[in-house]
Each structure stands twice: as structure tokens, then as C-alpha cells.
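Examination of the molecular architecture
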Amino acid sequence: MDGGKLTLVARKPCFGLPTACPKCLPAYIYLKFAKVPFDLDFNLLDPDSERIPYVESGGYVAYNNEKGGVIEGLKDDGVVDLDSRVEFEPDWLSANAVITSWLTDAVMYELWVASDESPVHKIYYSDLARPIGKIMFLKQSRAVKQLLGVNGDNADHREKEIYRRATRAYKALSSRLGDETFFFDSRPTSVDANFLAHALFTLQALPETSTLRSKLLEHTNVVSYAEKLRKAFVDPDPSSTSVPQPLSESSTSDPKSSHSSWSKRCF
Amino acid sequence: MDGGKLTLVARKPCFGLPTACPKCLPAYIYLKFAKVPFDLEFNLLDPDSEQIPYVESGEYVAYNNEKGGVIESLKDDGIVDLDSRVEFEPDWLSTNAMITSWLSDAVMYELWVATDESPVHKIYYSDLAWPIGKIMFLKQARAVKQLLGINGDNADRREKEIYRRATRAYKALSSRLGDETFFFDSRPTSVDANFLAHALFTLQALPETSTLRSKLLEHSNIISYAEKLRKEFVDPVPTSTLVPQPVSDSSSSDPKSNHSSWRSRPKSKPKKEKTEEEKTFRRRAKYFLGAQAVAILVFLTLMAGSDDNEVGLDEDDDFSYNY
């Protein structure tokens, strides 16, 4: 790592989130928690790339699909490590496990299987020609079903189990959080990055009819946690518009376009 | 629930385990922990049934593929609940989640993807005709790869990630356990049932070359935990043979052969449906084999009739390994 500035390449903003893709948002929040300055670039044209999000700096890159992800990559490589004090605590690891397995599955389920195409389209495909976006959606939706083990026969059972697990995870996490600001050690760790990203995505990107969203809303301390940390770490400066507008694509479709201002897109 | 005795229908024993299937073993151990008397029956002929294991008693049935599984159903239905005192503890739940996601994934990976077919064959298919077992294995191995998100491009990375998570889970669990007898509350809960099943399966059914097994062996307190609980709750009464032999299939291939304590067919509904399915399956398997035989004859005919040796047989093979 050569000491240059970090750049996070993620998917575009939407729904009031700096990046609307649920895989990208944890990395963004993690860097914000660490108070590490970074540039944010958007990739608009590779919605099916497993490498995104990634963080790069000079010759160094940490891809989504290596070493367990961007956050784990940054930790392992000693670039940004928020977890050194807690990562050997069993309860920290198991909390991280439940967030990155049960809750991640629930979001994937709602996003790709249970809701209509609309959120997915806005996050991933709105910059592509519609037929291409449609084909990619069908392909990815099918891949997600396989990943979740959902097929024609067991769809109901699997859905029940997914929600059952998510509900219990929410209950357990709400109980563990209490009225603390962070989950562990009174400071942000990747557990907070992963969970805050999950909560913000669920509250802001999923529709009001979402089961997952209603279940999350039952836990007022979790909602307060999300509100507070969003204001402190995620929302843009008050000098910007109050509802952040997503970055528009430049007509050259250059993924590294670096607009400093926002313009209307998804709303 | 009518108060009658429970029956657990599971897959057969092997590798010194009372039931060798990693999905069945937690249910068995859970009932043992609860000291609830139950009969153990084996289903030998439906290796791909998602309903197994199941617990039944009279009219009541708790299937593997409903309500999050046998253990969760038994709890929900108030039949056997070991977790009532701990299930609202956040760390109990997250520990259970880690065992039933990260560690389950690792075992599935090793069993269906990373090792040869031998353990799988012994556990699931040894009572079926060989071609049928082979077809079922290929189908299930492919399903597991999909479940684990493994394809041709990312196989190495996924493997690394699976082992990375399992290694960390072992470390965390070893740290949490310390030298306690159980993980929580000084009494057995379903966390112990799930983890003990995982540990025993990993230690006894996976080969010595198994990565997962070597990583588990690094944690001596976990090995002691497994040893101790196995002796007390899992091992058969001392009069049995040291290594329980799997139930042999009788030469008549009569599934209802009357060994005194084991029976080998699922009861009522699952039995009827599966018999139909199995018949269809066998019929299809025969057609498949017939088609293969015809293809081979055609090939030989063509070979005899031409100088060109480059006929590809691969087109006839419905099951490709190109993931």
C-alpha cells in the first residue's frame, strides 16, 4: 500500500443512500467510520460484476470477491482496521456472522425474489438499455434463488424460514444493542458497518410493503441507532441539498467520471 | 401431540455415528440431550428427500423442511424445548446462527464438492442400485454448488472464503467454550446439539485429509468437549460392537426387512409419494441406461464403418462438470 488516497468504486446512489447497492454500502460506511478520506467513484455499467465494490490506491486493490470482501481485505492488508480490539471476541464474530448471513439473505430475498423489479432496476440497470437490463435481472434473480435454495416446491417454506431467521436476528441484535451507540466496545467496528448498511437499505430502499422493513421498524432502538449514525457518518454535509441526488452518468459512460455535484436521477 | 412415544426417522448409521447424515445427527443428539425416550428408524431409500429427518408421534410430525427444521419445530410445538431459558440471549442466537450457517456450509462443501464420493456414497446411496446413486449424487452435488454460490470462475475464492469463515468460527467457539461442559447456561441447548453434531461428523466421517477436520483438531478444548459428550449422550450402550455397523440391506432388497429395532421406510404420506417418485426415477434411470447402451452401439457401428476416430461421447452425457 503506497500511502496514496483511497478510491471506493461502488454502484450509484439512490433512495437517499450514497450508494444504493447493499453490497457496496457497508464498505462506504466502514470508511466513513474510520474517518479515512476517500474518493467515491461510480460504476454504472457492470451491474453483474462480482468485483464491485472495490477499493484502490495506486497499485493496491481490494475487491469484493476476494478475501471475504472489501472490508476484510482492508483489515487483512492493514489498510483500515477497526476490529483489532474485538475480532477475537466470540460474540463479536457471531454477531457479524448473523448479520452477514441471515440478514444478508433476507435482503437478497426481498430485493431479487419477493419485490417487483423496481428497486433492482433503479440500483443496477437504469443506465443500461432495457432489454439488457431485463436479461441481467432474470439471470441474477435465478442465481439468487439458487443461492437461497428456493425452488418451485419449497418456495413457501424457504420464505418462512428466511423471515423467521431475520426476525430472530433483529430481536437478538436489538437486545444486544440496548441504548448503546455502537454494538461493541463503544466504538464502531465492522459489525456496525454491516448492520447500519443493512438497516439503512431496509428502511430506505425497500418498499413500504416490505415484510423485512416492518419487522425492523418494530425495534425502536435499532431505528434510533440507524438515524443517529446516519446523520453523523453517512449523510452529506448540510450545505448540500437535503435529499442527496444521485450522480448522473456522463454520456461517455466513463465509470471513473468524477462529478462533484449531484443531479436528479431516480426520484 | 397425543403423548405417544416419539420416533425419529433418520438416515442410517455409519462412521461410528448413530446416524451419519449431518442434517439428521443434530436432531438425534437434541433428543438425547433432552433425555426423551424415542425410537430410531432409518430411511434407506429416499436420500434426496428434504423431509428427512423427521420426528413423529401418532398424528404429529415435525419435518426437516418445515418451520426451520426438526429441532425448531419441536421447540415451537412445545414438545421438546431445551432453549427456553437462553433463546432471548443475543449471543446464544448469534452463536447458533454461526454454527448453522458458516459451519454447515463448510461441511456441505467438503462432503459434496471437495472430497471424493466415498463418504457421501456410504451415507446416502449404498442401498440403491449404483447408477441411481450416481445420478442422485451428481444432481445433489450440483445443487450444493449452487447453494454455496460456486461456479467455474470463483471456485478457488469461494473455497478460501468458506474455510476462512469456518476457521474463525472454530476459534470463536473454542474461545467461548473455554473448559465448560456446555456452551450456555451450564446445560445443553440446541447450540450444543448443532455443534456437537458438527464436530462429531467432522471428526469421524470426513477423511484424514480433510482441511476442516485438521482445523477443528487445533482446538483441544473442543475435542475434549466432543469426546465427553459423545461418551455420555451419543455412544450406544457398552454391549454393542465398538464401531456400529451400518444396517446391511437384505439380499431380497425388501425395504421392510424386519431387523428388530430398525425399519427402513418412512411412514404414511412421505412413503406413498416417495414410492411413486422412486418408481418413476428408476424407470427413467433404466431409459437413461438404455439410451447410453444404444449410443455406445451406434458409436461402435460408426467406428467399425469409418476411419475417423474422433467421435465425441460427451454429447451423450447429460451431466457436465462445467460449473
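Going by what an unreviewed UniProt entry lists, chain B is known as Metaxin and is assigned to Kalanchoe fedtschenkoi.

Under an unreviewed UniProt entry, the name given to chain A is Metaxin, and the source organism is Kalanchoe fedtschenkoi.

**Some remarks on the overall build of chain B**
A tally of helices and strands in chain B yields 10 helices and four strands. Listed by position from the N terminus, the elements making up chain B come as β-α-β-β-β-α-α-α-α-α-α-α-α-α. Burial analysis of chain B (323 residues in total) assigns 48% to the buried set. Counting only contacts in chain B whose residues sit at least 6 apart along the sequence, the fraction spanning at least 24 positions is 70%. Accessible surface, chain B: about 16100 Å² in total, of which carbon and sulfur atoms supply 51%.

**Focus: the pairing of strand S1 (residues 6-10) of chain B**
A regular strand places its side chains on the two faces of the sheet in alternate fashion. Residues and elements named next belong to chain B. With five of five residues buried, S1 is to be regarded as a mostly interior element. Sheet topology places S1 next to strand S2 (residues 38-42); five bridges connect them, and they run parallel. Paired with Thr7 across the bridge in S2 is Asp39. Since S1 and S2 lie parallel, the crossover through helix H1 (residues 25-33) that links them has a hand, and here it is right-handed.

**Comments concerning the sheet that holds strand S4 (residues 60-63) of chain A**
Across a sheet, strands are paired by hydrogen bonds formed along the backbone, either parallel or antiparallel in direction. Residues and elements named next belong to chain A. Read from one edge of the open sheet, four strands run S2-S1-S3-S4, paired in mixed fashion. The open sheet has two edge strands, strand S2 (38-42) and S4, and neither has a second partner. Strand-to-strand twist across the sheet, computed as the mean angle between neighbouring axes with direction ignored, equals 20°. Taken together, the four bridges between strand S3 (residues 54-57) and S4 define a ladder with antiparallel strand orientation. Across the sheet, the residue bridging to Glu56 is Val61, located in S4.

**Examining the sheet that holds strand S3 (residues 54-57) of chain B**
Residues and elements named next belong to chain B. A sheet is described by the order of its strands in space; here four strands give the open sequence S2-S1-S3-S4, paired in mixed fashion. Of all strands in the sheet, those with a lone pairing partner are S2 and strand S4 (60-63), marking the two edges. Sheet twist, expressed as the average angle between the axes of neighbouring strands with direction ignored, equals 20°. Two elements, S3 and S4, share four bridges in a ladder whose sense is antiparallel. Looking across to S4, one finds that Ser57 is bridged to Tyr60.

Calculation notes
Residues numbered from 1 in each chain as written. Chains lettered and ligands numbered in written order. Predicted model: local features only at pLDDT ≥ 70, side-chain atom pairs only at ≥ 80, totals over all residues. Heavy atoms only, no water. Helix = DSSP H or I, 4+ residues; strand = E, 2+ residues; numbered from the N terminus. Buried < 20%, exposed > 50% of the residue type's maximum accessible area, 1.4 Å probe, protein only. Contact = heavy atoms within 4.5 Å. Areas by Shrake-Rupley, 256 points an atom, 1.4 Å probe, with all protein chains shown as cover. Pairing = 2+ DSSP bridges. Right-handed = clockwise from strand over helix to strand, strands pointing away. Axes fitted to C-alpha atoms, helices over the stretch in contact; angles between N-to-C directions.

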